[in-house]
Amino acid sequence: LLTAEVTMTQDTLLSLTHQQALDFFLEHENYFDVSLPIYFNVSILLQNISTLNIKKPNLLFDKIENIDKTHFVLYTHKANGTKRPLTMVNPVLYVLLAKQLTQENTWQDFIKLFDFYNKQDNIKCHSLPIISKYRKFAHYKARQIMNWYDNFEQESIRLSLNYNYMAVSDIQNFYPSITNRTLKISLSQSQSKHLIDFSNICEKFLNTCQETGLPQGNNLFHLLADTVLLNADRILHRKIKKHRIKDYQILRYRDDYRIFTNDKSQA
């Protein structure tokens, strides 16, 4: 039998090189989650902006005041009657943030943060952006949905056959609750100078946003949100070890958790 090691980064954004990752962020379908009419395509705009040589990005952010309408926010209705803001961020600032993250050393240090999931078998994250060979929005969205269906919904059914209890939890108002400090702590946990510098850029970027917390609406912010929850999963893992709980499985898709145990009190 031939066996191959399968890691959680396989077929995800984290499997790309730094240049491939930048190209990913510069694609229209990764810039904004909402299906817009086909005559809206900002890929060329984003690519043109990426050619600009902005040597001092801090100065650019410093010139922007919070009262400026820097970003465009759309609101979608949720099932519970509330509204969810989706942000089409200023393309110049978006590209600047993407380029900072995908600097070669910064990107490599960022990928290493997620080694946590490869080093243990009980906590799995399935919300990292999936890489699609297709460049059409519909195909990309379909693969994301199938990833959620196969690795979260169907895996939950499989685990329910092996465990007596399943606890379901999510974080209320997760994106709006992410503060500058929370994001900085999560990015700086490896003590990487490159990630600390990137966290400083993120702090300046978040200060330009009209809504509180981390904006929703594209894969760059989804990835940063998963970085915050990666830090939460590390803390959770330490707590579980402290209580000497061994027989469990945890699935996470962004801020949705499913916890499987054979002991109700442990769940």
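Note that the coordinates shown come from a computational prediction; the quantities given were computed from them, not determined experimentally.

About the criteria used
Residues numbered from 1 in each chain as written. Predicted model: local features only at pLDDT ≥ 70, side-chain atom pairs only at ≥ 80, totals over all residues. Heavy atoms only, no water. Buried < 20%, exposed > 50% of the residue type's maximum accessible area, 1.4 Å probe, protein only. Helix = DSSP H or I, 4+ residues; strand = E, 2+ residues; numbered from the N terminus. Pairing = 2+ DSSP bridges. pLDDT = per-residue confidence, 0-100. Contact = heavy atoms within 4.5 Å. Axes fitted to C-alpha atoms, helices over the stretch in contact; angles between N-to-C directions. Parallel < 35°, antiparallel > 145°, perpendicular 65-115°, else oblique. Nonpolar A, V, L, I, M, F, W, Y, C, P; charged D, E, K, R; others polar.

## Some details on the pairing of strand β6 (residues 256–261)
One face of the sheet, then the other: side chains in a regular strand alternate in exactly this way. Taken across its six residues, β6 has five buried, putting it largely inside the fold. Note: strand β4 (residues 165–170) against β6, six bridges, orientation antiparallel. Directly across from S169, in β6, lies its bridge partner Y257. Of the pairings in the sheet, the one linking strand β5 (residues 248–253) to β6 comprises six bridges and is antiparallel in character. Within β6, the position partnered with L251 by the bridge is R258. Between β5 and the antiparallel strand that follows it, β6, lie two residues; R254 among them carries a positive phi value of about 55 degrees.

## With respect to the environment of T179
Tracing the sequence through the fold places T179 in the loop between α8 (174–177) and α9 (180–187). For T179, a relative accessible area of 38% puts it in the partly exposed group. Spatially, the C-alpha atoms of T179 and G213 are 5.4 Å apart, while their sequence positions differ by 34 residues.

## Regarding unusual backbone geometry
Look at Q191: it is not a glycine, yet its phi comes out positive at around 65 degrees. Of note, Q191 is situated in the loop between α9 and α10 (193–206). Its relative accessible area of 61% is what places Q191 among the exposed residues. The backbone of R244 shows a phi angle near 60 degrees, a positive value even though the residue is not glycine. Along the chain, the position of R244 falls in the loop between α11 (219–242) and β5.

## Observations regarding the confidence of the model for the protein chain
Across the protein chain, the average pLDDT comes to 86, with 89% of residues at or above 70. pLDDT under 50 marks residues 1–6. Its contacts with residues more than four places away, or in other chains, come to zero contacts.

## Thoughts on the packing of helix α6 (residues 104–113) against α11
Running from amino to carboxyl end, α6 crosses α11 at an angle of 45 degrees, the nearest separation of the two axes being 10 Å. By the criterion of interaxial angle, the relationship of α6 to α11 is oblique. Contacts from W107, F110 and L113 of α6 reach α11 at L223, T227, L230 and R234. In terms of residue class, the contact of α6 with α11 is made up of five nonpolar, one polar and one charged.

## Examining the sheet that holds strand β3 (residues 123–125)
Here we have four strands laid out as an open sheet, ordered β3-β5-β6-β4, and mixed in their pairing. Unpaired on one side and paired on the other, β3 and β4 mark the two borders of the sheet. Each neighbouring strand pair of the sheet contributes to a mean axis angle of 15 degrees, computed without reference to strand direction. Contacting β3, β5 and β6, α11 runs over the sheet at an angle of about 170 degrees to β5.

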